[in-house]
Amino acid sequence: VPKIVINDDTEFVGAQPEPQFVSYVVQAAGLQDASPTAE
Amino acid sequence: MPFLNDQDATIVRNRFAKDLSHPVSMEFFAPSIGGLVLPGQETELADYTRQILTEVASLSPNLTLNVHSLVAEPEAAQKLGITRTPATAVIGAQDFGIRYYGIPGGYEFATLLDLIIAVSQANPPIAPETRGILRRLKSDARIQVFVTPT
């Protein structure tokens, strides 16, 4: 089972569907136009 | 003894002929290349990885393997962001930042083939929505995938 680490601070284990994977990437890198309350 | 038997080599050769649309170079870094081996250097894994990559590179005219020594070529390693070995940078028309650390044996051999083809095609099969989100990222994302050898 793979372990994925993004920007050394967000991690998860196992294969994830693409939308879920992207949500982890967004969590780690942030979005340019994300509102402060959007999560 | 070769890593790939004749049957597997033929399958990989045919897959490359079909899917490898543009040239790809594999920049492989070993601790050192022959000669002096410093104490503590692990060379066996690097030697076996080099053998696998050499066989893979021989299966397509679109594939190039360049072998480097981390000790003798620190500038080349630094340029590609490589600090440990065995490491392989897989580079196509541009450097997408793909780095493979360790030995691509077992199930990971398929991973190596997939990433070589993905780099060659430079068009990953991701959804348009995903591309839209990734274009809006605030900063680069460094994604590391850890697997145990199988």
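Residues numbered from 1 in each chain as written. Chains lettered and ligands numbered in written order. Predicted model: local features only at pLDDT ≥ 70, side-chain atom pairs only at ≥ 80, totals over all residues. Heavy atoms only, no water.

Describing the pattern of salt bridges
All names here are of chain B. Condition: Throughout this description, the term salt bridge denotes a Lys or Arg side-chain nitrogen within 4 Å of a carboxyl oxygen of Asp or Glu. Elements are defined by DSSP. Helices are runs of H or I of four residues or more, strands are runs of E of two residues or more, and each kind is numbered from the N terminus. Throughout, exposure labels follow a simple rule: accessible area from a 1.4 Å probe, protein chains only, divided by the maximum for the residue type, with under 20% read as buried, over 50% as exposed, and the rest as partly exposed.
For the structure shown, the criterion picks out six salt bridges over all chains. One salt bridge in this structure joins R15 and D114, with 2.8 Å as the shortest N-O distance. With R15 in helix α1 (residues 6-19) and D114 in helix α4 (residues 108-121), this pair connects stretches of sequence that are 99 residues apart. Here D114 falls in the partly exposed class, since its relative accessible area comes to 40%. R99 is paired through a salt bridge with D95; the nearest N and O atoms lie 2.8 Å apart. Residues joined by salt bridges that share partners form a network here, namely R15, K18, D19 and D114.

Points about the sheet that holds strand β5 (residues 143-146) of chain B
Filter applied, for reference: What makes two strands pair is DSSP finding at least two bridges between them. Fitted lines through C-alpha atoms serve as axes, helices being fitted only where they are in contact, and the angles separating the N-to-C directions of these axes extend from 0 to 180 degrees. Contact between two residues is taken to exist if any of their heavy atoms lie within 4.5 Å; hydrogens are not considered.
The strand order across the open sheet built from three strands is β2(A)-β1(A)-β5(B), with neighbouring strands paired in antiparallel fashion. Both outer strands of the open sheet, β2 (10-13) of chain A together with β5 of chain B, are each paired with one neighbouring strand and no more. Each strand axis lies, on average, 15° off the axis of its neighbour in the sheet, ignoring direction. As paired strands, strand β1 (residues 3-6) of chain A and β2 of chain A are joined by four bridges and run antiparallel to one another. Residue pairing for β2 of chain A: I4 of chain A is matched across the bridge by F12 of chain A. Helix α1 (residues 18-29) of chain A contacts β1 and β2 of chain A together with β5 of chain B of the sheet and is inclined by roughly 160° relative to β2 of chain A.

Quick word on the packing of aromatic side chains
Keep this limit in mind: Note on aromatic pairs: the rings of Phe, Tyr and Trp (six-membered ring only in Trp) are paired at centre separations within 6.5 Å, and the planes decide the class, stacked below 30 degrees, edge-to-face beyond 60, tilted for the rest. Look at NZ for Lys and CZ for Arg. If either is within 6 Å of the ring centre and within 35 degrees of the ring normal, a charge sits over the ring.
The tally for this structure, following the rule as stated, stands at four aromatic pairs over all chains. Of the aromatic side chains, those joined through ring pairs into one cluster are F12, F21 and Y24 of chain A. Above the ring of Y101 of chain B, the side-chain terminus of R84 of chain B is found at 4.1 Å from the ring centroid.

Quick notes on the sheet that holds strand β3 (residues 87-91) of chain B
All names here are of chain B. Taken in spatial order, the four strands of this open sheet run β2-β1-β3-β4, and their pairing is mixed. In this open sheet, the two strands that pair with only one neighbour each are β2 (63-69) and β4 (99-101). Each strand axis lies, on average, 20° off the axis of its neighbour in the sheet, ignoring direction. Both strand β1 (residues 24-30) and β2 contribute to a ladder of seven bridges, which runs parallel. For F29, the partnering residue across the bridge sits in β2 and is H68. Against the sheet, helix α2 (residues 44-57) makes contact with β1, β2 and β3, and its axis sits at roughly 165° relative to β1, the strand it touches most.

That is the geometry; function is a separate question.
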